[in-house]
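# Understanding the architecture of this molecule
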Amino acid sequence: MNFRELAEKTESYIIDRRRYYHQYPELSEQEVNTTASIIKDLEALGLEVKTYESVGAYGCTADIVGGKPGKTVALRADIDALPVCEETGLEFASTNGCMHACGHDCHISMLLGAAKMLVENKENLNGTVRLIFQPAEETGFGAPAFIKAGVLDGVDAIYGAHIWNVLEAPYVNIESGNRMASTAEFHVEIEGLSTHGSSPEAGIDAIVVMSAIIMNLQTFVSRNNSPLNPLVVSVGKVEAGSRWNVIAGKAKFEGTVRTFSKDMLEEAPKAISRIVENTAAAYGATAKLSSFRWLVIPVINDDEKLVKIGQEAVKKLYGEEALAPMITQMGGEDFSFYMQHVPGLFGFIGSHNPETGKIYSNHHEKYDVDEEVLKRGAAVYAQFAHDFLAE
Ligand code: NI
């Protein structure tokens with residue numbers, strides 16, 4: 001099977017599906033119509049589809065059973081969109097106020113393209129390919145819900161990829177080691193004492209306390225953490241005060257932590273809590289880390305055999321020059337949860353192309369991809385599945 005040629009023939013189908021799904025994005029945990037359309041597309045390929053509404057999740061899976069017995073490999077695409085108001089000006093722009101600003105429309109269509117190629121050549125497959133169209137990646141709900149529902153039952157390995165603006169089109173990145181970080185969301189609440197702006201001595205200024213806490217949190221990164229360990233603590237939202245001449249009695253803020261370190265999964269909430277409580281105490285205020293939640297664990301390509309199959313698949317398809325290195329990303333991906341259960345590999349498909357104006361990052365209201373890469377992404381899905389099963 002020459003998946004490069006097959007992908008060439010499948011390209012118009014892939015682009016057609018991408019543009020369709022791009023027009024009708026749906027937010028995480030609301031992917032009703034997206035799921036219905038994917039089911040229709042899979043049934044048109046003659047596949048039997050399984051849904052998961054009984055466990056409160058949209059999305060679906062389908063198995064392509066090969067002509068010869070063998071292992072089972074899963075290919076995963078996420079299908080949810082973002083609450084971003086599209087400004088691409090594309091002919092096929094979103095029609096409903098949210099947007100496939102992370103490119104999951106491309107993931108759906110690349111996996112459909114791969115499915116089409118694999119179905120048409122299933123007699124040559126040694127085993128089963130499970131297609132996973134997963135909902136709610138952006139909220140970290142989808143992968144755990146799907147795993148709980150049993151989508152990995154019988155699966156020997158899983159491959160997923162993200163279309164990514166940091167990487168030039170039409171390169172593919174598959175490399176071992178840290179790929180995407182674990183991601184936490186945290187909230188802090190501060191209790192001071194409100195008073196008139198002219199008499200600070202009569203109150204405890206929650207805004208000053210909050211400012212001190214936010215500054216001190218950075219010392220956790222710079223002073224408590226090894227400079228060799230990637231760690232990010234960012235505060236993205238603060239809320240305090242009611243008026244220019246009133247000292248705020250309450251304040252709250254929220255932020256995120258990114259890391260690859262397993263130790264940090266336990267250490268970060270403890271350290272943040274310590275800094276929050278003790279900084280507040282130094283000012284005579286009280287404060288607490290009111291919530292801290294790891295949304296995803298890190299994506300680490302640590303199965304060398306799968307890395308090799310993935311890299312060889314790309315080389316076979318488009319030559320060694322099609323593979324490009326890419327630095328570790330501090331963004332998060334709930335694909336990591338699959339990798340906790342079965343050997344997994346995560347790749348990136350480059351979508352950045354300044355010549356055609358594809359310069360905006362994932363999640364930007366003008367994010368768009370160089371569609372040239374979609375056939376490559378689909379071919380890599382198919383080749384990886386075929387080669388893993390042929391091993
Ligand atoms: Ni994404």
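Structure's up top.
Now for a quick tour of the structure. Keep in mind it's a predicted model, so treat the numbers as computed, not measured. (Residues numbered from 1 in each chain as written. Predicted model: local features only at pLDDT ≥ 70, side-chain atom pairs only at ≥ 80, totals over all residues. Heavy atoms only, no water.)

### Quick word on the packing of aromatic side chains
The final tally for this structure, using the stated rule, is 13 aromatic pairs. Pairing Phe 186 with Phe 253 gives two aromatic rings, centres 6.5 Å apart and planes at 85 degrees, and the pair type is edge-to-face. One end of the pair, Phe 186, is in strand 8 (residues 182–191); the other, Phe 253, is in strand 12 (residues 250–259), with 67 residues separating them in the sequence. The same class applies to Phe 186 as to Phe 253, namely buried. Ring pairing ties together the aromatic residues Trp 164, Phe 335, Tyr 338, Phe 346 and Phe 348, which thus form one cluster. The aromatic ring of Tyr 13 is capped on one face by Lys 116, whose charged end is 5.5 Å from the ring centroid. Cation over ring: Arg 376 sits above Tyr 318, and NZ or CZ is 4.2 Å from the ring centre. (Phe/Tyr/Trp six-rings, centres within 6.5 Å; stacked < 30°, edge-to-face > 60°. Helix = DSSP H or I, 4+ residues; strand = E, 2+ residues; numbered from the N terminus. Buried < 20%, exposed > 50% of the residue type's maximum accessible area, 1.4 Å probe, protein only. Lys NZ or Arg CZ within 6 Å of the ring centre and 35° of its normal.)

### Topic: the coordination of the nickel ion
For the nickel ion, the full set of protein donor atoms is Cys 102 (SG), His 104 (NE2) and His 162 (NE2), and the range of their distances to it is 2.1 to 2.3 Å. Considered as a linear motif, the donors of the nickel ion on their single chain read C-x1-H-x57-H. (Donors = N, O, S within 2.8 Å, 3.2 Å for Na, K, Ca; no water.)

### Focus on the environment of Val 32
Here Val 32 shows up in helix 2 (residues 32–44). The sequence separation of Val 32 and Ala 74 amounts to 42 residues, and the corresponding C-alpha distance is 23 Å. If we skip the residues at most four places from it in the chain, Val 32 touches Glu 26 and Tyr 58. (Contact = heavy atoms within 4.5 Å.)

### Overview of the pairing of strand 3 (residues 68–78)
Two faces, one strand: in a regular strand the side chains alternate between the faces of the sheet. The pairing of strand 3 with strand 4 (residues 126–134) spans nine bridges and is parallel. Each bridged residue has a counterpart across the sheet, and for Asp 78 the counterpart in strand 4 is Gln 134. For the segment spanning strand 3, helix 3 (residues 104–120) and strand 4, crossover handedness is right-handed. Where strand 3 meets strand 5 (residues 157–168), four bridges bridge the pair, whose relative direction is parallel. When the bridges of strand 5 are listed, Arg 76 appears paired with Gly 160. (Pairing = 2+ DSSP bridges. Right-handed = clockwise from strand over helix to strand, strands pointing away.)

### Some details on the sheet that holds strand 10 (residues 231–240)
Ordered in space as 10-12-8-13, the four strands form an open sheet in which the pairing is antiparallel. Two strands close off the open sheet at either side, each with one partner strand: strand 10 and strand 13 (286–296). With strand direction ignored, the average angle separating the axes of adjacent strands in the sheet is 20 degrees. Here strand 8 runs beside strand 13; their pairing, made up of nine bridges, is antiparallel. Note on strand 13: the bridge partner recorded for Thr 183 is Val 296. Sheet strands touched by helix 5 (residues 206–223): strand 8, strand 10, strand 12 and strand 13. Its angle to strand 10, the strand with the most contacts, is close to 175 degrees. Sheet contacts for helix 6 (residues 262–282): strand 8, strand 10, strand 12 and strand 13; angle to strand 13, the most-contacted strand, approximately 160 degrees. (Axes fitted to C-alpha atoms, helices over the stretch in contact; angles between N-to-C directions.)

Coordinates in, geometry out; function isn't part of it.
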